[in-house]
Amino acid sequence: MKYVYYPGCSLEGTALEYDASTRAVMGRLGVELIELEDWTCCGASAAEPVSYLLSMALPARNLARVQSEQDGMDVLVPCSACYLNLRKVEEHIRNEEDLLGKINEVLEVEGLSYRGGVRSRHLLDVLATDVGAERIRAEVKHPLGRIRVAPYYGCQALRPYRVFDDPEEPRSMEPILEALGAEVHAWSMGARCCGAGLMTTKKETALDAVAHILRAARGADCIVTVCPMCQMNLEAFQKKISRREGEDLSVSILYLPQLMGFAFGMKASELKGDMNFVFKPELRQRLQAGPDLAA
């Protein structure tokens, strides 16, 4: 399996551990990632308030480069915000008759043109749909016995486009976790919003959202996510929220490919486990202990 790889800005900055673990785990699974040359920012959440056309042209530039360099290949995107922005280009040009022409007027400055049709895929979609639980299970060296994991999907991998999972009751991560030997924490918060960018504009609202998620994760050894924004919100504000709520709501937060890497027998250094804000020593020790994780 081969995919064009679009890491996006977060994976070269605040989410280096997500990038490193994704590359390491996909390599172990025999998946070839061909990084898109000269990729640029997708616009994240900042472009659309400035200009709707800009919010379309920025991700479309990357899709045009995919079409010119690796035509016919799917794009694998780990970041949920990047995935959503790349995906929505296809959705919007399908429904807005003159949009593609306007986008190509912008791209013409670089000598680029986009015809449409490039398929953007979230990392979780590729793992669940293309790779599959059985292939993942075959690579497990250290089954995660007695490790209880709360699967957290966030919003942007699932909404507003129903592509590979149910946005109200997502389940695509569960077969992967079970293939790793982990116990899935039963909860209903997997698709609940973490507050996203409200953490900078309406902090109390976002802190409330994260507090609900952390409280629901009681009993889990860790929350596993596939979104850099979710990872940041769930990790970085645990102490503040615990003080505010008057109770300890701390819990380890890992990226899905990091957890997979530990089950595959990879070292923490390969997965950049030292970069996680909240990775409790007892869980780290258990994940690195090998087959006897209960010891």
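Residues numbered from 1 in each chain as written. Predicted model: local features only at pLDDT ≥ 70, side-chain atom pairs only at ≥ 80, totals over all residues. Heavy atoms only, no water.

**As for empty space enclosed by the protein**
Defined as follows: For cavity detection a 1 Å grid was placed over the protein atoms alone, and a set of points counts as a cavity when a 1.4 Å probe fits there but cannot get out; an open set counts as a pocket when protein lies on both sides within 12 Å along at least five of seven lines, with lining residues being those that have an atom within 4 Å of a point. Grid points are joined across faces, edges and corners, and a volume is the space filled by probe spheres set on the points. Segments assigned H or I by DSSP are reported as helices when at least four residues long, segments assigned E as strands when at least two residues long, and all are numbered from the N terminus.
Tallied over the entire structure, the rule returns one cavity of 30 Å³ or more. Here the largest cavity is characterised by a volume of approximately 30 Å³. For the largest cavity, the full set of lining residues is Cys42, Gly43, Ala44, Ala47, Glu48, Ser55, Asn85 and Lys88. Elements represented by at least two residues in the lining of the largest cavity include exactly α2 (47–50) and α4 (80–95).

**Points about the pairing of strand β2 (residues 32–35)**
We apply this condition: Being paired, for any two strands, means DSSP has found at least two bridges between them.
Where strand β1 (residues 2–5) lies against β2, four bridges are found, and the strand directions are parallel. Following the sheet pairing, lysine 2 is matched in β2 by glutamate 32.

**Quick notes on the pairing of strand β7 (residues 222–225)**
What counts here: Classification of residues uses two cut-offs on accessible area relative to the type maximum, computed with a 1.4 Å probe and protein chains only: under 20% is buried, over 50% is exposed, and between them is partly exposed.
A two-sided burial pattern is seen for β7, the buried positions comprising Cys222 and Val224 on one face and Ile223 and Thr225 on the other. In the sheet, β7 pairs with strand β8 (residues 252–255) via four bridges, with the strands oriented parallel. Bridged to isoleucine 223 within β8 is isoleucine 253.

**Some words on the layout of surface pockets**
Heads up, the condition is: Think of it as three bins: nonpolar holds Ala, Val, Leu, Ile, Met, Phe, Trp, Tyr, Cys and Pro, charged holds Asp, Glu, Lys and Arg, and polar takes everything else, Gly as well. Marked domain ranges trace back to an automatic or database domain assignment.
When its volume is computed, the largest pocket comes out at roughly 470 Å³. Looking at the largest pocket, it is lined by 23 residues, and the ones nearest its centre are Ala44, Ser45, Ala81, Gln156 and Met229. Those elements that provide at least two residues to the lining of the largest pocket are α4 and α11 (228–236). For the lining of the largest pocket, the element with the highest residue contribution is α4, accounting for five residues. Split by residue class, the lining of the largest pocket holds 15 nonpolar, six polar and two charged. Lining the lining of the largest pocket are residues from two domains, each supplying at least three of them: domain 1 (2–123) and domain 2 (132–294). Space inside the second largest pocket adds up to approximately 170 Å³. Around the second largest pocket sit 15 residues that line it, and Pro170, Arg171, Trp187, Ser188 and Gly190 are the ones nearest its centre. Split by residue class, the lining of the second largest pocket holds eight nonpolar, three polar and four charged.

**Some remarks on the nonpolar core**
Here is the rule: Put simply, a nonpolar core is a bunch of buried Ala, Val, Leu, Ile, Met, Phe, Trp, Tyr and Cys residues held in one set by side-chain atoms that sit within 4.5 Å of each other. Contact definition: two residues touch when any of their heavy atoms are within 4.5 Å.
Grouped together as the largest cluster of nonpolar side chains are 74 residues, with contacts concentrated most on Leu29, Leu180, Leu256 and Met260. Broken down by element, this core gets its largest block of residues, six residues, from α4. Looking at this core, you find at least three residues from each of domain 1 (2–123) and domain 2 (132–294). Other than its neighbours up to four places away in sequence, leucine 180 contacts Ile136, Val140, His142, Pro143, Leu144, Leu259, Met260, Ala263 and Phe264. Ala206, Ala220, Phe237 and Leu249 belong to the second-largest nonpolar core, a separate cluster that totals 23 residues.

**A closer look at the sheet that holds strand β6 (residues 183–184)**
The cut-off we apply is this: Where helices are involved, their axes are fitted lines through C-alpha atoms of the stretch in contact, as for all axes, and angles between N-to-C directions lie from 0 to 180°.
Strand order in the open sheet formed by four strands is β6-β5-β7-β8, and the pairing between neighbours is parallel. The strands lining the two open edges of the sheet, one partner per strand, are β6 and β8. By the bridge criterion, two bridges tie strand β5 (residues 148–152) to β6 in an arrangement that is parallel. Across the sheet, residue valine 149 finds its bridge partner in β6, namely valine 184. Strands in contact with α11 are β5, β7 and β8; relative to β8, the strand with the most contacts, it is inclined by about 170°.

**Thoughts on the side chain of threonine 22**
Inspection of the secondary structure puts threonine 22 in helix α1 (residues 16–28). The buried category is assigned to threonine 22, whose relative accessible area is 1%. Sequence-distant contacts of threonine 22, defined by excluding residues within four places in its chain, comprise Tyr5, Leu33, Pro78, Leu123 and Pro257.

**A word on the sheet that holds β2**
Ordered in space as β2-β1-β3-β4, the four strands form an open sheet in which the pairing is parallel. Each of the sheet's edge strands pairs with one partner strand only, and the pair in question is β2 and β4 (120–122). Taken pair by pair, the neighbouring strands of this sheet meet at an average axis angle of 40°, ignoring direction. Looking at chain direction, strand β3 (residues 75–77) and β4 are connected through three bridges and run parallel. In the sheet register, leucine 76 faces β4, and the bridge partner there is arginine 121.

**Quick word on helix α12 (residues 238–245)**
As a reminder, the rule being used: Think of the arc as the fan of directions from the helix axis to the C-beta atoms.
All of the buried residues along α12 are Gln238, Ile241 and Ser242. Buried residues of α12, viewed axially, fall in a sector of 100°; they line one side. Turned more than 90 degrees from where α12 packs its buried face, Lys239 and Arg243 sit exposed. Among the structural elements, α10 (203–216), α11 and β8 are those in contact with the buried residues of α12.

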